[in-house]
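What follows is the residue order along each chain.
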Amino acid sequence: MTETKHPTDKLAAVTGGASGIGLATVERLHQNGHEVLIIDRDESAFAVAEKLSSPSLPVYAKIADLSSVDEIARCVESIDEEFGGVDILVNNAGIHPKQADGGPFAVQDITLEQWDLVMNVNMTATFLMSQWAMKEMMQRGWGRIINVASRAGRMYMPISGSHYAASKAAVISFTRYLAGDCGPYGVTANTVAPGRIKTPLSDVSGLGSSQNLHEEFAKSVPLRRVGTPDELAAAISFLASEDSSFVTGSVIDVNGGIFG
Ligand SMILES: NC(=O)c1ccc[n+]([C@@H]2O[C@H](COP(=O)([O-])OP(=O)(O)OC[C@H]3O[C@@H](n4cnc5c(N)ncnc54)[C@H](O)[C@@H]3O)[C@@H](O)[C@H]2O)c1
């Protein structure tokens, strides 16, 4: 057993924690009593951390572009030095490139460069961050890894690009195997698969009013609305908690009931 150098009980790291689902997750985990570390490429992460921090329960921020293997290596090295690893890791950072008019890229229009970028941020970063975090979690005998996939990784969605969908399907499959490898050491790994959630990522204003598009989409959702970032944070919070102690390798669909 290695000793964590940081006094916190359970430190949670959230990638992409400066916006949308990640930000709601940071707020929730902080409300649950965790010290939280935001990892984001956007420098607004510092202001978010400052705003949420309290003297007894800090929120930290590190800037890293997770599309870069070198930046990931630099980032996790500095986390190891400062905190001695993390207890909870939420791999949430993700991108979904769209056409200028807000529509998805068809397979025939995706360049190798675009393909690689989506895979690097959505999948390779999830793999590298999990591989790093699980080692210390396994030594400590407790850990939670929660990966954010998408409904697009579960089924065909005309509004999604195939690179995005493939990366999210890979996240789901990867997480099952991750759960298999870290389970014997007391570490769980699960996926959440959001449906349409109102965040900057799903804002396709290029196609007209984003609100109207959300309303149009909502007609096909059994609960007749799109989701909120906090509804994702609630599922992630459960998976990060002791309450989910016998849940691993699972996918929680948070999509208002839309499965077709
Ligand atoms: N919003 C939806 O409808 C929806 C649906 C399904 C899945 N998701 C998934 O949920 C996750 C969060 O999405 P969101 O809607 O909150 O998006 P968002 O755009 O609001 O937030 C994404 C965050 O990730 C960060 N990020 C992006 N690329 C990064 C990189 N290379 N390095 C570091 N940080 C990076 C951004 O700076 C941002 O803070 C993503 O993985 C997304 O694919 C979202």
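The name an unreviewed UniProt entry assigns to the protein chain is Acetoacetyl-CoA reductase, from the organism Enteractinococcus helveticum. Regarding the protein chain, the relevant UniProt record gives this comment under Sequence similarities (unreviewed entry): "Belongs to the short-chain dehydrogenases/reductases (SDR) family."

Asker: I would appreciate a short explanation of the pattern of salt bridges in the present structure.
Answerer: Opposite charge on two side chains lets them pair, provided their charged atoms get close. For the coordinates displayed, the defined rule picks out 8 salt bridges. For Arg28, the salt bridge identified is with Asp230, shortest N-O distance 3.2 Å. Of this pair, Arg28 sits in helix H1 (residues 20-31) while Asp230 sits in helix H7 (residues 229-240); the two residues are 202 residues apart in sequence, bridging distant segments of the chain. Its salt-bridge partner being Glu242, residue Arg144 comes within 3.9 Å of it at the nearest N-O pair. With Arg144 in strand E5 (residues 143-148) and Glu242 in the loop between H7 and strand E7 (251-254), the pair connects residues that are 98 residues apart, well separated along the chain. A relative accessible area of 49% places Glu242 in the partly exposed class.

Asker: Would you mind going over empty space enclosed by the protein with me for this structure?
Answerer: Over the atoms, a rolled probe matching the size of one water molecule traces out where space is still vacant. This structure, assessed with the given rule, holds 1 cavity of 30 Å³ or more. The calculated volume of the largest cavity comes to roughly 30 Å³. Take the lining of the largest cavity: its biggest share by element is 3 residues, from helix H4 (residues 112-140). Residue composition of the lining of the largest cavity, by class: 4 nonpolar, 4 polar and no charged.

Asker: What's the story with the sheet that holds strand E4 (residues 88-91) in this structure? I'm lost.
Answerer: Two orientations exist for strands paired in a sheet by backbone hydrogen bonds: parallel and antiparallel. Taken together, 7 strands build an open sheet; the order of strands is E3-E2-E1-E4-E5-E6-E7 and the sheet is parallel. In this open sheet, the two edge strands, each paired with only one partner strand, are strand E3 (59-63) and E7. Pairwise comparison of adjacent strand axes, ignoring direction, gives a mean angle of 15° for this sheet. Judged from the 6 bridges that link them, E5 and strand E6 (residues 187-194) form a sheet pairing that is parallel. By the bridge assignment for E6, Arg144 is matched with Thr188. Most of the contacts of helix H3 (residues 69-83) go to E3, to which it runs at about 150°, and overall it touches strand E1 (11-15), strand E2 (35-40) and E3. Set on the sheet, H4 makes contact with E1, E2, E4, E5 and E6; between it and E4 the angle comes to about 175°.

Asker: Hey, could you run me through the packing of H3 against H4 in this one?
Answerer: Each packed pair of helices is defined by two parameters, the angle between the axes and the distance between the axes. Between H3 and H4, whose axes approach to 11 Å, the crossing angle comes to 25°. Regarding the angle of H3 to H4, the classification is roughly parallel. As H3 runs across H4, the sense of the crossing is right-handed. Contact residues: H3 offers Val69, Ile72, Val76, Ile79 and Asp80, while H4 offers Ala125, Leu128, Met129, Trp132 and Glu136. Tallied by class, the residues present in the contact of H3 with H4 amount to 8 nonpolar, no polar and 2 charged.

Asker: Would you mind going over the side chain of Asn122 with me for this structure?
Answerer: Within the secondary structure layout, Asn122 lies in helix H4. Side-chain polar atoms of Asn122 contact the backbone nitrogen of Ile95, separated by 2.9 Å. Filtering out sequence-adjacent residues up to four positions away, Asn122 remains in contact with Ala93, Gly94, Ile95, Tyr164, Ser167, Lys168 and Val171.

Asker: Looking at this structure, how should I read the site of the ligand?
Answerer: Residues in contact with the ligand amount to 30 residues; listed here are only the nearest, Ser19, Asp40, Asn92, Tyr164 and Thr199. In the model, a nitrogen atom of the ligand is placed 3.2 Å from a nitrogen or oxygen of the Arg41 main chain. Ala64 is positioned such that a nitrogen or oxygen atom in its backbone is 3.5 Å from a nitrogen atom of the ligand. Relative to its unbound accessible area of 820 Å², the ligand is 94% covered by the protein chains. Taken together, the elements giving at least two residues each to the shell around the ligand come down to H1 and helix H5 (162-182).

Asker: What is the right way to read the state of the cysteines from this model?
Answerer: Cysteine pairs can be covalently joined through their sulfur atoms, and such a bond is termed a disulfide. If you walk through the whole model with that rule in mind, you get 0 disulfides. Left unpaired, Cys75 is separated from the closest cysteine sulfur, that of Cys182, by 20 Å.

Asker: Explain H1 here, please?
Answerer: Counting along an α-helix, one turn takes 3.6 residues, and residues three or four places apart therefore face a common direction. End to end, H1 covers 17 Å across 12 residues, agreeing with the expected 16 Å (1.5 Å per residue, within 8%). Note on H1: the residue one or two positions beyond its end, Gly33, has a positive phi of about 100°.

About the criteria used
- Residues numbered from 1 in each chain as written.
- Predicted model: local features only at pLDDT ≥ 70, side-chain atom pairs only at ≥ 80, totals over all residues.
- Heavy atoms only, no water.
- UniProt positions renumbered as here; feature names shortened; annotations may be inferred.
- Salt bridge = Lys/Arg side-chain N within 4 Å of Asp/Glu carboxyl O.
- Helix = DSSP H or I, 4+ residues; strand = E, 2+ residues; numbered from the N terminus.
- Buried < 20%, exposed > 50% of the residue type's maximum accessible area, 1.4 Å probe, protein only.
- 1 Å grid on protein atoms, 1.4 Å probe; cavity = no way out; pocket = protein on both sides within 12 Å on 5 of 7 lines; lining within 4 Å.
- Points joined across faces, edges and corners; volume = space filled by probe spheres on them.
- Nonpolar A, V, L, I, M, F, W, Y, C, P; charged D, E, K, R; others polar.
- Pairing = 2+ DSSP bridges.
- Axes fitted to C-alpha atoms, helices over the stretch in contact; angles between N-to-C directions.
- Contact = heavy atoms within 4.5 Å.
- Parallel < 35°, antiparallel > 145°, perpendicular 65-115°, else oblique.
- Left-handed = near helix turned anticlockwise from the far one by under 90°.
- Polar contact = N/O pair within 3.5 Å; in protein donor to acceptor, adjacent residues only side chain to side chain.
- Near = heavy atom within 4 Å.
- Areas by Shrake-Rupley, 256 points an atom, 1.4 Å probe, with all protein chains shown as cover.
- Disulfide = S-S within 2.5 Å.
- Expected span 1.5 Å × (residues − 1).

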